[in-house]
Amino acid sequence: MTRALIVIDVQESFRARPLWETISNPKIAHQVDRLVRLARQAGDLVVWVLHAEPGSGDVFDPALGHVRVMEELQRLDTEPLIHKTSHNAFTTTNLQQLLTERGVRELTVCGIRTEQCVETTTRVAGDYGYLVTFVTDATATNPIPHRDAPAEQSVAELLSDPRTLSAEEVIRRTEYALAGRFATIATVGQLEAAAGSRA
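Remember, it's a predicted structure, so these values are computed and weren't measured experimentally. (Residues numbered from 1 in each chain as written. Predicted model: local features only at pLDDT ≥ 70, side-chain atom pairs only at ≥ 80, totals over all residues. Heavy atoms only, no water.)

Our focus in this paragraph is the overall build of the protein chain. Across its full length, the protein chain carries seven helices and six strands. Listing every helix and strand of the protein chain by position from the N terminus yields β-α-α-β-β-α-β-α-β-α-α-β-α. The C-alpha atoms of the protein chain give 17 Å as radius of gyration, which agrees with the globular expectation for 199 residues (16 Å, within 12%). Overall size of the protein chain, expressed as C-alpha extent along the three principal axes, is 50 × 35 × 30 Å. Per-residue burial for the protein chain yields a buried fraction of 48% across its 199 residues. When the accessible surface of the protein chain is totalled, it reaches about 9900 Å², and 50% of it is carbon and sulfur. Charge centroids of the protein chain, computed over 20 positive and 26 negative side chains, lie 5 Å from each other. (Helix = DSSP H or I, 4+ residues; strand = E, 2+ residues; numbered from the N terminus. Rg over C-alpha atoms; globule rule 2.2 N^0.38 Å. Buried < 20%, exposed > 50% of the residue type's maximum accessible area, 1.4 Å probe, protein only. Areas by Shrake-Rupley, 256 points an atom, 1.4 Å probe, with all protein chains shown as cover. Lys, Arg positive; Asp, Glu negative; His and termini not counted. Charge placed at Lys NZ, Arg CZ, Asp CG, Glu CD.)

See below:
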């Protein structure tokens, strides 16, 4: 087993936020499920990562019950589940140890917050020497408010502000920054086609 699929923050916490209505890929669970099926068929390790902020009182507080894998997805008991409290999946977890123990050298990453948790995990993995594939259409994110926008603006205010960076632009910029530097950019369809050609 030299490859692993890292599923980052595909959790109900995000659906519990008002911003979910602006998510770039509301069917992300479907895309992720396709990747999980590919990984299992290939005998690759699947690692599930959830973001948690214990004691915060918000949707990332495990006490509220939202810090769980999205209901469309099913984690097997043999697949590791780890909780992180930082943006990337390495810093506050034993992910690197887990991968090293299993001889993993290649990673496929997907998940929620394209430019944040998925990107930072990709960058750290690249620094650690992993060969990383960033599956762009199995990520999702929201529009980003301008740095001078009010902290508690409504969804309507976010979308009407011409300074807001659209989710599509966030994804484009993330792909541009990662490609050829930290990762190979791919789609679910491309990985399925590649798996079919190896079969």
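Taking 1.5 Å per residue as the helical rise, helix H2 (residues 28–42) with its 15 residues ought to reach 21 Å, and the 21 Å between its terminal C-alpha atoms agrees with that figure. Listed as buried for H2 are Ile28, Ala29, Gln31, Val32, Asp33, Leu35, Val36, Leu38 and Ala39. Summarising the contacts, the buried residues of H2 are in contact with strand E1 (3–8), strand E2 (45–51), strand E4 (106–112), strand E5 (131–140) and helix H7 (188–198). The positive-phi residue at the C-terminal boundary of H2 is Gly43, with phi of around 80 degrees. (Expected span 1.5 Å × (residues − 1). Contact = heavy atoms within 4.5 Å.)

Moving on, we get to the packing of aromatic side chains. Considering all chains together, one arrives at three aromatic pairs under this definition. Relative to Phe60, the ring of Phe14 lies with its centre 5.3 Å away and its plane at 75 degrees, an arrangement referred to as edge-to-face. One end of the pair, Phe14, is in helix H1 (residues 12–15); the other, Phe60, is in the loop between E2 and strand E3 (81–84), and 46 residues separate them in sequence. Taken together, the aromatic side chains of Phe90, Tyr128 and Tyr130 make up a single cluster linked through ring pairs. (Phe/Tyr/Trp six-rings, centres within 6.5 Å; stacked < 30°, edge-to-face > 60°.)

Take the environment of Thr174 next. Mapped onto the secondary structure, Thr174 falls in helix H6 (residues 167–178). A relative accessible area of 3% places Thr174 in the buried class. Residues Thr174 and Thr136, 38 residues apart in the sequence, show an inter-C-alpha distance of 9.1 Å. Not counting the four nearest positions on each side in its chain, Thr174 is found in contact with Thr114, Glu115, Glu119 and Phe134.

Sheets are built from strands that pair by backbone hydrogen bonding, the pairs being arranged parallel or antiparallel. The strand order across the open sheet built from six strands is E3-E2-E1-E4-E5-E6, with neighbouring strands paired in parallel fashion. In this open sheet, the two edge strands, each paired with only one partner strand, are E3 and strand E6 (184–186). Averaged over all adjacent pairs, the angle separating strand axes in this sheet is 25 degrees, with direction ignored. In this structure, E2 lies alongside E3, joined through four bridges in parallel fashion. Looking across to E3, one finds that Val49 is bridged to Ile82. Here H2 sits on the sheet in contact with E1, E2, E4 and E5, set at roughly 145 degrees to E5. Contacting E1, E4, E5 and E6, H7 crosses the sheet at an angle of about 130 degrees to E5. (Pairing = 2+ DSSP bridges. Axes fitted to C-alpha atoms, helices over the stretch in contact; angles between N-to-C directions.)

Right, let's talk about the pairing of E4 for a bit. Across the seven residues of E4, six count as buried, placing the element largely inside the fold. Bridging between E1 and E4 involves six bridges; their strand directions are parallel. Across the sheet, the residue bridging to Arg3 is Glu106, located in E4. Taken together, the six bridges between E4 and E5 define a ladder with parallel strand orientation. The residue of E5 that forms the bridge with Thr108 is Thr133. With helix H4 (residues 114–127) bridging E4 and the parallel E5, this β-α-β connection has right-handed handedness. (Right-handed = clockwise from strand over helix to strand, strands pointing away.)

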